[in-house]
Amino acid sequence: MHVTEHLDKAKDTLFSFEIIPPPRGKTVRDIIDIVEQIAPVNPPFVDVTSHMAEATYDELPDGSVKRRVKKKRPGTISICGIIQNRYGIDTVPHLLCAGFTREETEDAIIELNYLGIHNVLAIRGDESNYQKVLAQGRTRNIFAKDLVKQLVDLRSAKFLDDIANSEAINFCVGVGGYPEKHIEAPNLKTDIRYLKEKVDAGADYVVTQMFFDNDYYRTFVKACREAGITVPIIPGIKLIDGVRQLSSLPKHFHVNLPDELVDEIHESPKNVKEIGANWARKQVEELVNEGAPCVHFYVMSDARPAVKIIQELG
């Protein structure tokens, strides 16, 4: 079922999750454990992130340097297949512009369609220290709106090469939004204009970057509606569970943490998990009461605190 179908049929706020593939060298058991944690609350869909290759440099005994290019977290498509077909939970694999050709994207969509997966999140992806060299005849999407257009074309059976008697592939396409604006955008107004371009290209819904002050979400939704963006906008929530996240989250995700939350953690660092969960619970309760279509939890290795919030809210 498409994400938008879940949203249309729901009478109350839904709850979804986003997980990341285990690092290279680990087994899928890590993912299975998380899915089994969230299964009791019947999430309508689960996002699985995708990661482009990165370059690493190893110094050899003779002093020379060897360059390696590899993905630290491969397996997005396989993980989505396991979750959807073993647990019956719709999955939303992330597809990137960065590090992938349009031809690879088309192949990925065909594989996902074979697996019965009909949702994707189209994102540009962050810059990396590895820039993929395009082979002759290969092309790439530069921006997320370009990726959305490619995916929408497949709904009309428009493949990169003309194929006789080709069949349409009907995918629901989500895109990302930034309540505090994307770091590269000069201001929120410009960022929302870019978001509207993605929606105008055919995106069906928006899921936001994490935020810790619901006023950012309210302001963002209001500005989106005024700009003519009418698709559902799903808020993203992250539970802080470690003191180091006070610096790592702003660094990597460019989000602001409220003074009250930071002060409380500094005053009682041993209780950071409880403080983070309580803060998220208040956020979620407000969002539910205000009629958010869905609350999307960003989880890493432990989804139980988020599941507890859902269960407490009934």
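Our structure is the block above this text.
Residues numbered from 1 in each chain as written. Predicted model: local features only at pLDDT ≥ 70, side-chain atom pairs only at ≥ 80, totals over all residues. Heavy atoms only, no water.

Caption draft 1: Structural view of the environment of Ala227. Here Ala227 is to be found in the loop between α7 (214-226) and β9 (233-238). The class for Ala227 is partly exposed, based on a relative accessible area of 31%. Between the alpha carbons of Ala227 and Leu195 there is a distance of 9.8 Å; along the sequence they are 32 residues apart. Ala227 has contacts with Ile192 and Lys196, leaving out every residue within four places of it along the chain. (Helix = DSSP H or I, 4+ residues; strand = E, 2+ residues; numbered from the N terminus. Buried < 20%, exposed > 50% of the residue type's maximum accessible area, 1.4 Å probe, protein only. Contact = heavy atoms within 4.5 Å.)

Caption draft 2: Structural detail: the pairing of strand β2 (residues 45-48). Both faces of β2 are covered, namely the face carrying Phe45 and Asp47 and the face carrying Val46 and Val48. Crossover handedness for the path strand β1 (residues 14-19) to helix α2 (residues 29-38) to β2: right-handed. (Right-handed = clockwise from strand over helix to strand, strands pointing away.)

Caption draft 3: Broad picture of the pattern of salt bridges. According to the stated counting rule, one finds 14 salt bridges in the structure shown. Between Glu197 and Lys145 there is a salt bridge, with its nearest N and O atoms 3.2 Å apart. With Glu197 in helix α6 (residues 188-200) and Lys145 in helix α5 (residues 144-155), the pair connects residues that are 52 residues apart, well separated along the chain. One salt bridge connects Lys149 with Asp153, and the closest N-O pair in it is separated by 3.3 Å. Separated by four residues within a single helix, Lys149 and Asp153 lie in helix α5, roughly one turn from each other. Taking relative accessible area as the criterion, Lys149 reaches 48% and is therefore assigned partly exposed. Through salt bridges with shared partners, a single network forms among Asp215, Arg218, Glu286 and Glu290. (Salt bridge = Lys/Arg side-chain N within 4 Å of Asp/Glu carboxyl O.)

Caption draft 4: Spotlight on the nonpolar core. Core analysis: the biggest nonpolar cluster contains 62 residues, and Phe17, Ile109, Ile237 and Phe297 have the highest contact counts within it. Discounting residues that sit within four places of it in the chain, Phe297 has contacts with Phe15, Ser16, Phe17, Glu18, Ile237, Leu239, Val284, Ala306 and Ile310. Val255, Ile265, Ile275 and Tyr298 belong to the second-largest nonpolar core, a separate cluster that totals 25 residues. (Core = buried A, V, L, I, M, F, W, Y, C linked by side-chain atoms within 4.5 Å.)

Caption draft 5: Quick look at a negative patch on the surface. A cluster of acidic residues, Asp259, Glu260, Asp263, Glu264, Glu267 and Glu274, forms a negative patch on the protein surface. Here the negative patch gets five residues from one element, more than from any other, and that element is helix α9 (residues 259-267). If you trace the backbone, Asp259 turns up in helix α9. Since its relative accessible area comes to 61%, Asp259 is described here as exposed. (Patch = residues over 30% accessible without salt bridge, like charges linked within 9 Å, V, L, I, M, F, W, Y side chains within 5 Å. Areas by Shrake-Rupley, 256 points an atom, 1.4 Å probe, with all protein chains shown as cover. Lys, Arg positive; Asp, Glu negative; His and termini not counted. Charge placed at Lys NZ, Arg CZ, Asp CG, Glu CD.)

Caption draft 6: Highlighting unusual backbone geometry. The backbone of Lys181 sits at a positive phi, close to 70°, despite the residue not being glycine. Tracing the chain through its elements places Lys181 in the loop between β7 (172-177) and α6. Even without glycine at this site, His254 takes up a positive phi of about 55°. Tracing the sequence through the fold places His254 in the loop between α8 (245-253) and α9.

Caption draft 7: Structural view of the packing of aromatic side chains. All chains considered together, the criterion is met by three aromatic pairs. Arranged with centres 6.3 Å apart and planes meeting at 25°, the rings of Phe15 and Phe297 form a pair that is stacked. Of the two residues, Phe15 sits in strand β1 while Phe297 sits in strand β10 (residues 294-298), which places them 282 residues apart along the sequence. Residue Phe15 is classed as buried on the basis of its relative accessible area, which comes to 15%. Residue Phe297 is classed as buried on the basis of its relative accessible area, which comes to 0%. Members of the aromatic cluster, joined through ring pairs, are Phe15, Phe17 and Phe297. (Phe/Tyr/Trp six-rings, centres within 6.5 Å; stacked < 30°, edge-to-face > 60°.)

Caption draft 8: Summary view of the sheet that holds strand β5 (residues 90-96). Taking strand neighbours around the barrel as the criterion, the eight strands line up as β1-β2-β5-β6-β7-β8-β9-β10 in a closed arrangement whose pairing is parallel. Between one strand axis and the next, the sheet turns through 30° on average, direction left out of account. Two elements, strand β8 (residues 205-210) and β9, share three bridges in a ladder whose sense is parallel. Bridge pairing links Val206 to Ile233 in β9. (Pairing = 2+ DSSP bridges. Axes fitted to C-alpha atoms, helices over the stretch in contact; angles between N-to-C directions.)

Caption draft 9: Seen up close, α6. Over its 13 residues, α6 runs 18 Å from end to end, which matches the ideal 18 Å to within 8%, given 1.5 Å per residue. Restricting attention to buried positions, one finds in α6 the residues Thr190, Asp191, Ile192, Leu195, Lys198 and Val199. In this structure, the buried residues of α6 make contact with α5, β7, β8 and α7. One side-chain oxygen at the N-terminal end of α6 lies 3.4 Å from the backbone nitrogen of Lys189; it belongs to Asn187. Two residues or fewer after α6 comes Gly202, characterised by a positive phi angle close to 130°. (Expected span 1.5 Å × (residues − 1). Polar contact = N/O pair within 3.5 Å; in protein donor to acceptor, adjacent residues only side chain to side chain.)

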